[in-house]
Amino acid sequence: MNSKKPVWIATVIACTMVSCLLLIPGCGQAEDIRGLQIEKLEVEIEADPENELLEMTSFLHMRIERSIEDCSFAFLQPSEITRVYDARSERELPYEINPYPGAGEGIYELSLDLSKCGEECIVALTYRYDGESFYAEGLNPTTNEGLVLGQITRDSIYSSHLFYYPYSGEARRASMRIVAPRGWIAVSSGELVTCEELQDGMTLYEYEIPFASGRLPYPLAIYPYEVTEALYDGRLPVSIYACQEDVPYSEEKMELVTGTILPFLEELMGEFPFEELRIVEVFPKTGMTGLATKSLVMLSQDTLFGEPIAGDYSVFPATVLVDEIAHQWNYYKVMFPNYLAEGISQYTSDLFTERYVDPDIMKERMATYREAYANVVGLLAALKSYKDNGETIEEVAERLGLSVEEVEAYWQYADYGEVPISDPNVYLSLYFLKGALAIDALRNELGDETFFAGFRSLFQEASEQEATLDHFEQCFESACGSSLGAFFQRWYYETGLPPQ
Ligand SMILES: [Zn+2]
């Protein structure tokens, strides 16, 4: 271990995973095209693991009130687009595909000319991904390790989402029809309405998804899973999908989730916000997957799923499970911006540790976060000076004993340095750290009773509401009956850490 590494990187703090939500541009910030409404998105998928192939057709049911010449979608570039057409008239639709501005490699923008489509139109796209073209990866900002979002291999197929976001005019709901080889199970969000053996040795799974598109609404996992099921509190179906050898871990997780995590989180945030909870083991070739989509959590076999918990709630697989399930309230039910969501989530799993592992953990945790925060700020400043001297990423990586990927992750943020965590240019791990510290400071200021009342009230909104920092502040102000303006100013709109 290199002593120059920031603590945040060097110490695997067992309370943190990212839900990878940042990595998807466009989602959640729908720039509405006025006059266009997507009533429903229907996706048909044929999975061919043998040939590492996903064949897809998407039908977008649109209501168009005026002529629209340019309607755009975020899109993971397929290996091939076979056809783009109006499903009613069978007429081909002109389209263009270009790199998505400011996004990472592989993310494209598909623009369609809908000017000749009628008022009610169904736009159909036929395309395919193969194992080579479909490899989504991001960087986990808290460990700076690869966070794998999806892969197509002969052994398994999965994706945190379909990378198919109409960001101009959101889809209100969706259905996914997935055809997979017999013996394989296809998992997604929403209600499983059909599971049917087809004649050609394939099985059809159909999910009706009542959610609007936006934040990771269409996950997908296909594998010969073994399913462990339970009904939590007589009302919430919980299913855990794992490979056969890992069924003991499913059983252990089921006990933890239904016996401890769900009661804990419901006490903290109110009733579970969706109709079901699915936990799915996935199998990236390298790297790690740990993410939350709406009502479904994905965990890689390596590190997160296929590791024992054995009653020790401080281990990484346990705390990550808490973090990802907590995102169902925080980020999905109440749609906080990422910088708030991750601070809340970090603190939520700390609360879990405090309750079930060590009642004195907070002090120690907060000290670690302060140190880590200072280290990241210091690293950003150092990088800025090397960068200004004209050094390359490779040179700086060598100088600091960091990997090129790690330095790359910080590189663009070095120009901004330390900024308030509500600033869009803030380096990601800073808002995990300062976000959690801010919430702990708030708790110390308000006292437990008021704090927990305010915390719970954050999540009493109607489902799938966008929420702001103002909402966050108001919930705590209502709970304590006085203004917290100065507190929020210090923590969220200024740089630096207020003293303990
Ligand atoms: Zn998280």
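Residues numbered from 1 in each chain as written. Predicted model: local features only at pLDDT ≥ 70, side-chain atom pairs only at ≥ 80, totals over all residues.

### Observations regarding the overall build of the chain
Counting secondary structure elements, the chain contains 12 helices and 24 strands. Among the 500 residues that make up the chain, the fraction classed as buried is 44%. Considering only intrachain contacts with a sequence separation of at least 6, the fraction spanning at least 24 residues in the chain is 69%. (Helix = DSSP H or I, 4+ residues; strand = E, 2+ residues; numbered from the N terminus. Buried ≥ 20, exposed ≤ 12 C-beta atoms within 10 Å, placed from the backbone. Contact = placed C-beta atoms within 7 Å.)

### Details of the packing of helix α9 (residues 428–446) against helix α12 (residues 485–492)
Packing of α9 against α12 brings their axes to within 11 Å, and their N-to-C directions diverge by 155°. Regarding the angle of α9 to α12, the classification is roughly antiparallel. In this structure, α9 meets α12 at a crossing whose hand is right-handed. Contacts between α9 and α12 pair A438, A441, L442 and E445 from the former with F487, W491 and Y492 from the latter. In terms of residue class, the contact of α9 with α12 is built from 6 nonpolar, no polar and 1 charged. (Axes fitted to C-alpha atoms, helices over the stretch in contact; angles between N-to-C directions. Parallel < 35°, antiparallel > 145°, perpendicular 65-115°, else oblique. Left-handed = near helix turned anticlockwise from the far one by under 90°. Nonpolar A, V, L, I, M, F, W, Y, C, P; charged D, E, K, R; others polar.)

### Some remarks on the nonpolar core
Judged by nonpolar contacts, the single largest core of 133 residues is most densely connected at A221 and I222. With 11 residues, α9 is the largest single contributor of residues to this core. (Core = buried A, V, L, I, M, F, W, Y, C linked by C-beta atoms within 7 Å.)

### Notes on the sheet that holds strand β20 (residues 277–282)
Taken together, the 5 strands give an open sheet; going across it, the order is β18-β19-β20-β22-β21, and neighbouring strands pair in mixed fashion. The sheet is open, and its two borders are formed by β18 (226–232) and β21 (290–293), each paired with just one other strand. Neighbour-to-neighbour, the strand axes of the sheet open up by a mean angle of 15°, direction not taken into account. (Pairing = 2+ DSSP bridges.)

### Considerations on the pairing of strand β7 (residues 107–112)
Alignment of strand β3 (residues 71–76) against β7, held across 6 bridges, turns out to be antiparallel. Counted as the bridge partner of C71 is L112 from β7.

### Considering the sheet that holds strand β5 (residues 91–92)
In any sheet, the strands associate via hydrogen bonds between backbone groups, in a parallel or an antiparallel arrangement. With respect to topology, 8 strands assemble into an open sheet ordered β5-β4-β8-β2-β1-β13-β16-β15, the strand pairing being mixed. In this open sheet, the two strands that pair with only one neighbour each are β5 and β15 (191–197). Here strand β4 (residues 80–86) pairs with strand β8 (residues 120–130) via 6 bridges, running antiparallel. Its bridge partner being in β8, E80 is matched across the sheet by R128.

### Some remarks on helix α4 (residues 316–326)
Counting buried positions along α4 yields 10 of 11 residues, so the element is predominantly enclosed. Among the residues making up α4, those that are buried are P317, A318, T319, V320, L321, V322, D323, E324, I325 and A326. Check the buried side of α4 and you find it contacts α2 (247–269), β21, β22 (296–300), α3 (301–305) and α5 (338–356).

### With respect to the pairing of strand β19 (residues 236–242)
As paired strands, β18 and β19 are joined by 7 bridges and run antiparallel to one another. Across the sheet, L231 pairs through a bridge with P237, a residue of β19. Remark: 3 residues form the turn of the hairpin made by β18 and β19, two consecutive strands paired antiparallel; D233 in that turn has positive phi of roughly 50°. The pairing of β19 with β20 spans 4 bridges and is parallel. If you follow V238 over to β20, its bridge partner there is L277. Chirality of the crossover, the property in question, places the unit of β19, α2 and β20 among those that are left-handed. (Right-handed = clockwise from strand over helix to strand, strands pointing away.)

### A closer look at unusual backbone geometry
A positive phi angle, close to 65°, is found at E90, a residue other than glycine. Take E90: it is sitting in the loop between β4 and β5. With 9 C-beta atoms packed within 10 Å, E90 lands in the exposed category. Even without being a glycine, Y331 presents a positive backbone phi close to 120°. Relative to the helices and strands, Y331 is located in the loop between α4 and β23 (334–335).

### Considerations on the environment of L469
Mapped onto the elements of the fold, L469 is located in helix α11 (residues 469–480). It is 7.8 Å that separates the C-alpha atoms of L469 and F336, two residues lying 133 residues apart in sequence. For L469, the residues in contact, after removing those within four places along its chain, are L340, S422 and Y492.

### Re α11
Helix length check: α11, at 12 residues, gives a terminal C-alpha distance of 17 Å against a target of 16 Å (1.5 Å per residue), a fit within 8%. Taken together, the buried positions of α11 are F472, C475, F476 and A479. One face of α11 carries all of its buried residues, which in axial projection span an arc of 85°. The outward face of α11, more than 90 degrees from its buried face, is lined by the exposed residues D470 and S478. Buried residues along α11 sit in contact with α5, α9 and α10 (448–457). Directly after α11, the chain includes G481, whose backbone phi takes a positive value near 75°. (Expected span 1.5 Å × (residues − 1). Arc of directions from axis to C-beta.)

### Overview of the packing of helix α6 (residues 361–388) against α9
Between two packed helices, the angle of one axis relative to the other and the distance separating the axes together describe the packing. Two elements in contact, α6 and α9, have axes whose closest approach is 9 Å; the angle formed by their N-to-C orientations is 145°. The handedness of the crossing between α6 and α9 is left-handed. Contacts from M362, M366, Y369, R370, A372, Y373 and V376 in α6 reach S429, L430, L433, K434, A436, L437 and D440 in α9.

### Quick word on the environment of L383
For L383, the location among the structural elements is in helix α6. The residues contacting L383, other than those within four sequence positions of it, are V396, Y410, W411 and A414.

### Section: the environment of D470
Structurally, D470 is set in helix α11. Taking the number of C-beta atoms within 10 Å as the measure of exposure, D470 has 10 and is therefore exposed. As a C-alpha pair, D470 and F488 span 18 residues in sequence and 9.4 Å in three-dimensional space.

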